[in-house]
Amino acid sequence: MVADCLPDCAGVTAGMTLEEALSRNTGTIVLDADEPTYQRAFRRVLAALQGVSDRVESVDLGIACVRLDGLERLYGGEDGTLHALLNAVPAYLRPRIGAGDAKFPAFVAARTSDAPGVTHVPPDAAAFLAPRSVDLLPVDQEARDRMHRFGLHTMGDVAAMRPESLIDQFGVAGRRAWELSHGIDHDTVVPLPCEEAVVEHTSLPFASASAEWLLTAVDTLLKRAYARPRMQGRYAGRVTLGCALERAAPWERAINFKLPAGNWEQAAALVRRQLEREFPVAPVEEVTLTLSGITGEAGVQAGLLPDARKDRDLRLLDAERQIQARIGGNHALYRVVDVAPWHPAPEVRAVQVPIDPSGRDGMKPLAVPVPVAVREGAHREPVAVRLGDQWHALTGVEDSWLFDLWWMPQPVSRAYFRVSRREGGSIVLFQDRTDSSWYRQAS
């Protein structure tokens, strides 16, 4: 189904089938709808609008109604209030605001505006609506198609009809269309509940389909979320997990808790159970976690026995923050988590995560390769390597191996060499066989 289209797509309307739309416009460019991403972006917009007014209604994806009466003194008049609404929406979304005394005329003003900004409905709303297409009326597609067949192409055409005639032909939809075409709309704004939420985000060092990578990211984000001051002594009833995938549509799941979770360990156990049943279908690049359904009570009695593991973690955290105070606030203590010990690339096998959950640092890989310059021998083996500003002769190859992950979206193919240095000791080098570049593999 067509979700939306540009004005140049003549004869195409939202809701028609893709086949019908393509038959009316040859050479059309089709963009697949990414519903989870749109929904997440719109939820952020609604939350921002709720920061301006406590009476915000979500009408449809991308469409919201906001009551402004009573806010004039807070924002310095109606223009100041509209300016605050406009600034609440990211500019890249090109927000268009219609301002009027009723919902429908205001919607039409916004929907028909040619540029981002505010459009005011004039005092004579019926005259403003008269030249607008009946396709903007909130009646079903069949009723709009029949209006066109009867020669009622604009709201002015509908307004000129007797309401009885429209009721005879279109029933309740006819009466509704006649009233709206005259600018009469008695619908009130039905405010959304103001739901508190905590949102955390991280990017994985590498796109990975490993369950441990994702679970480590989830644990890290849950620790961050529960470390927020506003979560102290509070409980979350739901976790929403969103993943940006490599060469695949975004993946999102909402996990509702039977009993609210008051710490990250409880929430992590529940999320892990869900991920055992459902898992992203492609390698994960980014993870966004949202805590919602936040309350001040758990509904269960707290345990009476001390938690030795929690006590140990608190002592580690206290030590970490004391060290941070001495070294200028940088993280000092990390824990190492095995996320893909089976992987042939050493830097993908483990990740370090800061002990302090309030930090913004994400997960960092270990054993990251460093680019180096290498001189090759007759059989393309390394015979000298430049470390720093000096070249070092290599006396021989102690061991060699290779791997080729050709089936991955971004293939990885490497030839490894453990080589002896003339000064003593050995180092591990590898050549990336996709571009012939050389690297030193950190241990």
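Residue positions are counted from 1 within each chain, in the order its sequence is given. Reporting in this predicted model follows two pLDDT cut-offs: at least 70 for local features of residues, and 80 or more for side-chain atom pairs to be given and counted; totals over whole chains, interfaces and linings ignore these cut-offs and use all residues. Excluded from the side-chain calculation are hydrogens and water; included are all heavy atoms of the structure.

Peer 1: Would you mind going over helix H11 (residues 211-227) in detail, with residue names and values included?
Peer 2: Helix and strand assignments follow DSSP, with helices taken as H or I runs no shorter than four residues and strands as E runs no shorter than two, numbered in order from the N terminus. By this rule, a helix spans an expected 1.5 Å times one less than how many residues it contains. When the terminal C-alpha atoms of H11 are compared, their 24 Å separation across 17 residues agrees well with the 24 Å that a helix rising 1.5 Å per residue should span. Across the 17 residues of H11, 14 count as buried, placing the element largely inside the fold. The residue sitting at the N-terminus of H11 and contributing the capping side-chain oxygen is Ser210; that oxygen lies 3.3 Å from the backbone nitrogen of Glu212. Per-residue accessibility, obtained with a 1.4 Å probe over protein chains only, is compared with the maximum for each type, and a residue is labelled buried under 20%, exposed over 50%, and partly exposed between these values. Any N or O atom pair separated by 3.5 Å or less is treated as a polar contact, with the protein-specific requirement of one donor-capable and one acceptor-capable atom, and with residues adjacent in sequence counted only for side-chain atom pairs.

Peer 1: Which residues make up the pattern of salt bridges, and what are the values?
Peer 2: For salt bridges, the criterion is a side-chain nitrogen of Lys or Arg within 4 Å of an Asp or Glu carboxyl oxygen. Considering all chains together, one arrives at 19 salt bridges under this definition. The partner of Glu20 in a salt bridge is Arg24, with the nearest N and O atoms 2.6 Å apart. On the criterion of helical spacing, the pair formed by Glu20 and Arg24 is a turn pair, its members being 4 residues apart in helix H1 (residues 18-24). For Glu20, a relative accessible area of 33% corresponds to the partly exposed category. The partner of Arg175 in a salt bridge is Glu179, with the nearest N and O atoms 3.3 Å apart. Remark: Glu179 and Arg175 occur in helix H10 (residues 172-181); sequence separation between them is 4 residues, near one turn of the helix. Given the relative accessible area of 35%, Arg175 is considered partly exposed. In this structure, a network of salt bridges that share partners links the residues Asp54, Arg55, Arg67 and Asp69.

Peer 1: If you had to explain the packing of aromatic side chains to someone new, which residues and values would you point to?
Peer 2: Here a ring pair, both rings aromatic, is described through the centre-centre distance and the interplanar angle of the planes. In summary, the pairing rule links any two rings of Phe, Tyr or Trp, Trp by its six-membered ring, whose centres are within 6.5 Å, and it sorts them by plane angle into stacked for under 30 degrees, edge-to-face for over 60 and tilted for everything else. Considering all chains together, one arrives at 9 aromatic pairs under this definition. Residues Phe104 and Phe107 carry aromatic rings whose centres are separated by 6.3 Å and whose planes lie at 35 degrees to one another, so their mutual orientation is tilted. Within this pair, Phe104 and its partner Phe107 are both found in helix H5 (residues 103-111), separated by 3 residues, close to a single helical turn. On the basis of relative accessibility, which here comes to 5%, the residue Phe104 falls in the buried class. A ring pair is formed by Phe206 and Trp213, whose centres lie 6.3 Å apart and whose planes are at 80 degrees; its orientation type is edge-to-face.

Peer 1: How would you explain the nonpolar core if you had to name every residue and give the values?
Peer 2: Definition of nonpolar core: a set of buried residues of the types Ala, Val, Leu, Ile, Met, Phe, Trp, Tyr and Cys, connected through side-chain atoms within 4.5 Å. Counting residues in each nonpolar core, the largest one holds 45 residues, and the members touching the most others are Trp213, Leu222, Tyr226, Leu241, Val287, Leu289 and Leu291. Of all the elements, H11 adds the most residues to this core, at 9 residues. The criterion used for residue contact is that any of the two residues' heavy atoms lie within 4.5 Å. Not counting the four nearest positions on each side in its chain, Leu291 is found in contact with Glu196, Ala197, Val198, Leu222, Ala225, Tyr226, Met231, Ala236, Arg238 and Val239. Leu129, Ala143, Met155 and Val158 belong to the second-largest nonpolar core, a separate cluster that totals 22 residues.

Peer 1: So what's going on with a nonpolar patch on the surface? Residues and values would help.
Peer 2: Taken together, the side chains of Leu18, Leu22 and Val30 make up a nonpolar region of the molecular surface, amounting to roughly 210 Å² of accessible area. Checked against the element boundaries, Leu18 lands in helix H1. With relative accessibility at 35%, the residue Leu18 sits in the partly exposed group. A patch consists of residues exposed above 30% relative accessible area that lack any salt bridge, with like charges linked at up to 9 Å and nonpolar side chains (Val, Leu, Ile, Met, Phe, Trp, Tyr) linked at up to 5 Å. Throughout, the Shrake-Rupley method with a 1.4 Å probe supplies accessible areas, and for residues the shown protein chains are the sole cover considered.

Peer 1: Outline the environment of Ile323, listing residues and values.
Peer 2: When you line up the elements, Ile323 lands in helix H13 (residues 308-327). For the pair Ile323 and Tyr226, spaced 97 residues apart in sequence, the C-alpha to C-alpha distance is 22 Å.

Peer 1: For helix H9 (residues 163-170), give the residues involved together with the corresponding values.
Peer 2: For an α-helix the count is 3.6 residues per turn, leaving residues at separations of three or four pointing the same way. All buried positions along H9 are accounted for by Pro163, Leu166 and Phe170. Each buried residue of H9 sits inside an arc of 60 degrees when the element is viewed along its axis, so together they form one side. Tucked inside the fold, the buried residues of H9 contact helix H7 (141-149), helix H8 (155-159) and H10. Where H9 ends, the next residue or the one after it, Gly171, has phi of about 65 degrees, a positive value. What the arc describes is the spread of directions from the helix axis to the C-beta atoms.

Peer 1: I'd like to hear about the sheet that holds strand S13 (residues 373-376), residue by residue, with values.
Peer 2: Two strands pair under a simple rule: DSSP has to find at least two bridges between them. With antiparallel pairing, 7 strands are arranged side by side in an open sheet as S12-S18-S17-S16-S15-S14-S13. The strands lining the two open edges of the sheet, one partner per strand, are strand S12 (370-371) and S13. Pairing between S12 and strand S18 (residues 437-440): 2 bridges, direction antiparallel. Paired with Pro371 across the bridge in S18 is Tyr439.

Peer 1: Quick one: what's the story with the pairing of strand S14 (residues 382-387), residue by residue and with numbers?
Peer 2: Where S13 meets S14, 4 bridges bridge the pair, whose relative direction is antiparallel. Each bridged residue has a counterpart across the sheet, and for Glu376 the counterpart in S14 is Pro382. Linkage of S13 to S14, two consecutive antiparallel strands, is achieved through a turn of 5 residues, within which Arg380 is found at a positive phi near 65 degrees. Relative to strand S15 (residues 390-405), S14 runs antiparallel, the two sharing 4 bridges.

Peer 1: Describe in detail the packing of H9 against H10, supporting the description with residues and values.
Peer 2: Think of two packed helices as two axes; the pair is described by the angle between the axes and how far apart they sit. Where H9 contacts H10, the two axes come as close as 6 Å, and the packing angle between them is 145 degrees. Between H9 and H10 lies a crossing of right-handed hand. On H10, the residues touching Pro163, Leu166, Ile167 and Phe170 of H9 are Val172, Ala173, Gly174, Arg175 and Trp178. Among the residues making up the contact of H9 with H10, the classes are represented as 7 nonpolar, 1 polar and 1 charged. Interaxial angles span 0 to 180 degrees and are taken between N-to-C directions of axes, which are lines fitted to C-alpha atoms, for helices over the stretch in contact. Note on convention: the crossing is left-handed when the near helix lies turned anticlockwise from the far helix by less than a right angle, right-handed when the turn is clockwise. Three residue categories are used. Nonpolar comprises Ala, Val, Leu, Ile, Met, Phe, Trp, Tyr, Cys and Pro, charged comprises Asp, Glu, Lys and Arg, and polar comprises the others, including Gly.

Peer 1: Account for the state of the cysteines, with residues named and values stated.
Peer 2: A pair of sulfur atoms, both from cysteines and within 2.5 Å, is called a disulfide here. Scanning the model with the defined rule gives 0 disulfides in all. Between Cys9, a cysteine without a disulfide, and Cys5, which holds the nearest cysteine sulfur, the sulfur-to-sulfur distance is 5.1 Å.

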